[in-house]
Amino acid sequence: MNQAIEGVRWTIHDLEVLPENEWTRYEIINGELFVTRTPHRRHQQACGKIFRQLDVWSDSSGLGETIVSPGVIFSQSDSVIPDVVWVSRERLAQIEDEAGHLIGALELVIEVLSPGKQNEFRDKEAKLKLYSDRGVCEYWIVDRFSQKVEVYRREKAQLVLVATLLGDDEITSPLLPGFCCSIRLFFPE
């Protein structure tokens, strides 16, 4: 559900007056409030599988941390909760605030699509633009329904689609030296 009211720009301070509920997520993109329910079990499973693959690599490489559903505050009118992120240890030290929020561009952001046109718009358009504008290095959009992964990488100051992976394709990243896994491992059976 999208709570756009013409002429109203939401900020992170407005979130403080909204009801707290473990089943509801609030995100603000360019001053527009997006309200979503806790994702489906299969969505959560996909997030867990992606986290597991990246976390095992992160532990063995020692290069960074994989985080599930962190709060990312880019500005007063841009606050999101990506499904999974990876950030280098050096970058994490620069962008983590006292409350544990991330307040700057991350190296890798991953969103798992939820059903519905509004959810698809949020992840494929609004968040893609936000992450591109805010300096995210790489963005993966994971479609658990068609079991594909779209990989966007920063080229000439913006995120551009560089690969669409299906089936037994393997995913790698210049951000993650030595990381390689079949995208099949991202999807629940």
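Our structure is the block above this text.
Quick summary incoming for the structure in this document. What you see is a predicted model, and the numbers here were worked out from it, not measured in a lab. (Residues numbered from 1 in each chain as written. Predicted model: local features only at pLDDT ≥ 70, side-chain atom pairs only at ≥ 80, totals over all residues. Heavy atoms only, no water.)

1. Overview of the overall build of the protein
For the protein, the helix and strand inventory stands at three helices and twelve strands. Compactness check: the protein gives a C-alpha radius of gyration of 16 Å against a globular reference of 16 Å for 189 residues, within 12% of the reference. Across its three principal directions, the C-alpha atoms of the protein cover 45 × 35 × 35 Å. Buried positions account for 46% of the 189 residues belonging to the protein. A separation of at least 24 residues holds for 52% of the contacts in the protein among residues at least 6 apart in sequence. A total accessible area of about 9,900 Å² is found for the protein, and carbon and sulfur atoms account for 49% of it. Computing the positive centroid from 21 side-chain charges and the negative centroid from 30, the protein places the two 5 Å apart. (Helix = DSSP H or I, 4+ residues; strand = E, 2+ residues; numbered from the N terminus. Rg over C-alpha atoms; globule rule 2.2 N^0.38 Å. Buried < 20%, exposed > 50% of the residue type's maximum accessible area, 1.4 Å probe, protein only. Contact = heavy atoms within 4.5 Å. Areas by Shrake-Rupley, 256 points an atom, 1.4 Å probe, with all protein chains shown as cover. Lys, Arg positive; Asp, Glu negative; His and termini not counted. Charge placed at Lys NZ, Arg CZ, Asp CG, Glu CD.)

2. Things to note about the pattern of salt bridges
If the charged atoms of two oppositely charged side chains come close together, the side chains can form a pair. In the structure shown here, the tally under the stated rule is twelve salt bridges. When the shortest N-O distance is used, the salt bridge between Glu65 and Arg89 registers 3.4 Å. Of the two residues, Glu65 sits in strand β3 (residues 64–68) while Arg89 sits in helix α2 (residues 89–95), which places them 24 residues apart along the sequence. In this structure, Arg184 engages Asp168 in a salt bridge whose closest nitrogen and oxygen atoms are separated by 2.6 Å. (Salt bridge = Lys/Arg side-chain N within 4 Å of Asp/Glu carboxyl O.)

3. Quick look at the sheet that holds strand β8 (residues 138–143)
Strands sit in the order β3-β6-β7-β8-β9-β10 across an open sheet of six strands; the sheet is mixed. Lying at the two open borders of the sheet, with one neighbouring strand each, are β3 and β10 (158–166). Ignoring which end each strand starts from, the neighbouring axes of this sheet average 15° apart. Bridging between strand β9 (residues 148–155) and β10 involves eight bridges; their strand directions are antiparallel. (Pairing = 2+ DSSP bridges. Axes fitted to C-alpha atoms, helices over the stretch in contact; angles between N-to-C directions.)

4. Things to note about the packing of aromatic side chains
One pass over the full model with this rule turns up seven aromatic pairs. For the pair Tyr131 and Tyr139, a centre-to-centre distance of 5.0 Å together with 75° between the ring planes defines the contact as edge-to-face. As far as burial versus exposure is concerned, Tyr131 and Tyr139 are alike and both buried. Taken together, the aromatic side chains of Trp57, Trp86, Trp140, Phe179 and Phe186 make up a single cluster linked through ring pairs. (Phe/Tyr/Trp six-rings, centres within 6.5 Å; stacked < 30°, edge-to-face > 60°.)

5. Some words on the layout of surface pockets
Looking at the largest pocket, its volume works out to about 320 Å³. Looking at the largest pocket, it is lined by 21 residues, and the ones nearest its centre are Thr36, Arg37, Ser114, Asn119 and Arg122. Broken down by secondary-structure element, the contributors of at least two residues to the lining of the largest pocket are β1 (24–29), β2 (32–37), β7 (108–112) and α3 (117–133). Residue contributions to the lining of the largest pocket peak at four residues, all from α3. In terms of residue class, the lining of the largest pocket is built from six nonpolar, seven polar and eight charged. (1 Å grid on protein atoms, 1.4 Å probe; cavity = no way out; pocket = protein on both sides within 12 Å on 5 of 7 lines; lining within 4 Å. Points joined across faces, edges and corners; volume = space filled by probe spheres on them. Nonpolar A, V, L, I, M, F, W, Y, C, P; charged D, E, K, R; others polar.)

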